[in-house]
Structure formats: C-alpha cells, structure tokens
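Structure assessment
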Amino acid sequence: MRKFAVICALIATPVFGGVEQGRDLMEAGKFKEAYDTFWPAALSGNADAEELIGVLYAMGLGVERDDRRAFEWYLRSSMKGHPGAQSGIGWYYEVGRGVEIDLVRAYMWYTLSAIGGDPDAAISLEEVVKKMTQEQIDEAHILVNDYKGWMYPFR
C-alpha cells in the first residue's frame, strides 16, 4: 500500500507542483519555460494552469499571441469556475478580440466571475452595462441563473 501512495505522489507532483513553478518562471520573465511547465497540468485539467496558458497566449509571452487559443484556454478554465479566466472570457466578448462582440455573454461571464470572488469583475460589469439595453441585461440574467446553479451551487 505504501508503494501505491509513493507512486501517486510522484505522478501528482509535476502536474500540480508545476503551476507554482510556472508562476515563478513567469515572474522571472521565463515565459517559454513557464508555458512548458504549465502544459502537463493544463492537459490534466488544472484550471489554474489552463488560465495561465490563456494569459500567455493573450499577451504573446513565450508563445505567439493568439487570441483564439487564449480564448479557448480561458474557456476551459472558466467552465471549472476559475474567476480570473471568467473575467478574461467576459473581456474577450466585450471587446471582440478573437470572437464576435457579445455584450450579453460578457455581462454573464463578468457576473459569474464576481460571484466566484474576482474583485475586478464588478468594475468590468459596471462598464459593460453602460453599453447594454435593458433587454440585453435581462437576457444576461437568464444565462447567469442557468450557469450559476451549475457552476456555483452553494452561492
């Protein structure tokens, strides 16, 4: 039984330990190395690693800037309830970088991000609502309620 626990620890360490190591590499400006460090964790479904790969693609750090890929990595992380990635998705929908502008979805993702605890999401929400009609806001609230119950069942 002890052998099984050691094997599990060895398997899990690079995947989840890699996120913190990748953050350290980003702080040191070693973006390509950070990307390579995040990759195994992201492929294993780690929402933090997915979001950080999205950041690297969005900003062109260590990889060629690619808004479509950034959006997709943010989306993977967002669906797991990552508030930072949810704000990222909201921003992409608000400004239309890599996707069509969709203020209803921008509002929805900013709201979910705020529910998840992102303090900047409320500011983004205040800005996007200025561009929306009441009909769009009402539509966004329907989507928020649909996602909130699934994504944040205890909030």
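So, here is what we can say about the structure in this document.

What counts and what doesn't
- Residues numbered from 1 in each chain as written.
- Predicted model: local features only at pLDDT ≥ 70, side-chain atom pairs only at ≥ 80, totals over all residues.
- Heavy atoms only, no water.
- Helix = DSSP H or I, 4+ residues; strand = E, 2+ residues; numbered from the N terminus.
- Expected span 1.5 Å × (residues − 1).
- Buried < 20%, exposed > 50% of the residue type's maximum accessible area, 1.4 Å probe, protein only.
- Arc of directions from axis to C-beta.
- Contact = heavy atoms within 4.5 Å.
- Polar contact = N/O pair within 3.5 Å; in protein donor to acceptor, adjacent residues only side chain to side chain.
- Core = buried A, V, L, I, M, F, W, Y, C linked by side-chain atoms within 4.5 Å.
- Salt bridge = Lys/Arg side-chain N within 4 Å of Asp/Glu carboxyl O.
- Phe/Tyr/Trp six-rings, centres within 6.5 Å; stacked < 30°, edge-to-face > 60°.
- Lys NZ or Arg CZ within 6 Å of the ring centre and 35° of its normal.

Let's talk about helix α4 (residues 67-78)
For α4, spanning twelve residues, the distance from its first C-alpha to its last is 16 Å, which sits close to the expected 16 Å at 1.5 Å a residue. Among the residues of α4, those classed as buried are D67, A70, F71, W73, Y74, S77 and S78. The buried residues of α4 occupy an angular sector of 165° when projected down its axis, which confines them to one face. Where α4 is buried, its residues contact α2 (31-43), α3 (47-59), α5 (83-95), α6 (103-116) and α8 (134-151). Regarding α4, its N-cap is D66, as a side-chain oxygen of that residue lies 3.2 Å from the backbone nitrogen of R68 further along.

Section: helix α7 (residues 121-129)
Here α7 has its buried residues at A121, L125 and V128. End-on, the buried residues of α7 take up no more than an arc of 70°, which puts them together on one face. Exposed residues pointing more than 90 degrees away from the buried face of α7 are listed as I123 and E126. The secondary structure elements touched by the buried residues of α7 are α5 and α6.

Re the nonpolar core
With 42 residues, the main nonpolar core has F38 and V128 as its most contacted residues. Elements supplying a minimum of two residues to this core: α1 (2-27), α2, α3, α4, α5, α6, α7 and α8. With residues near it in sequence (within four places) discarded, F38 still touches G18, V19, G22, R23, M26, A49, L52, I53 and L56.

A few points about the side chain of S113
Along the chain, S113 falls in helix α6. Owing to a relative accessible area of 0%, S113 belongs among the buried residues under this scheme. Excluding its chain neighbours within four sequence positions, the residues that come into contact with S113 are P83, Q86, S87, D118 and A121.

Some points on the pattern of salt bridges
Counted under the stated rule, the structure contains nine salt bridges. Here R23 and D48 are joined by a salt bridge, their closest N and O atoms 4.0 Å apart. Of the two residues, R23 is situated in helix α1 and D48 in helix α3; the sequence distance between them amounts to 25 residues. Residue classification places D48 among the partly exposed positions, given a relative accessible area of 28%.

Quick notes on the packing of aromatic side chains
This structure, assessed with the given rule, holds nine aromatic pairs. With a centroid separation of 5.2 Å and an interplanar angle of 85°, the aromatic rings of W91 and Y92 are classed as edge-to-face. By relative accessible area, W91 is classed as partly exposed at 34%. Given a relative accessible area of 1%, Y92 falls into the buried group. An aromatic cluster is present here, built from F71, Y74, W91, Y92 and Y93 joined pairwise through their rings. Above the face of the W73 ring, R76 is positioned so that its terminal group lies 4.1 Å from the ring centre.

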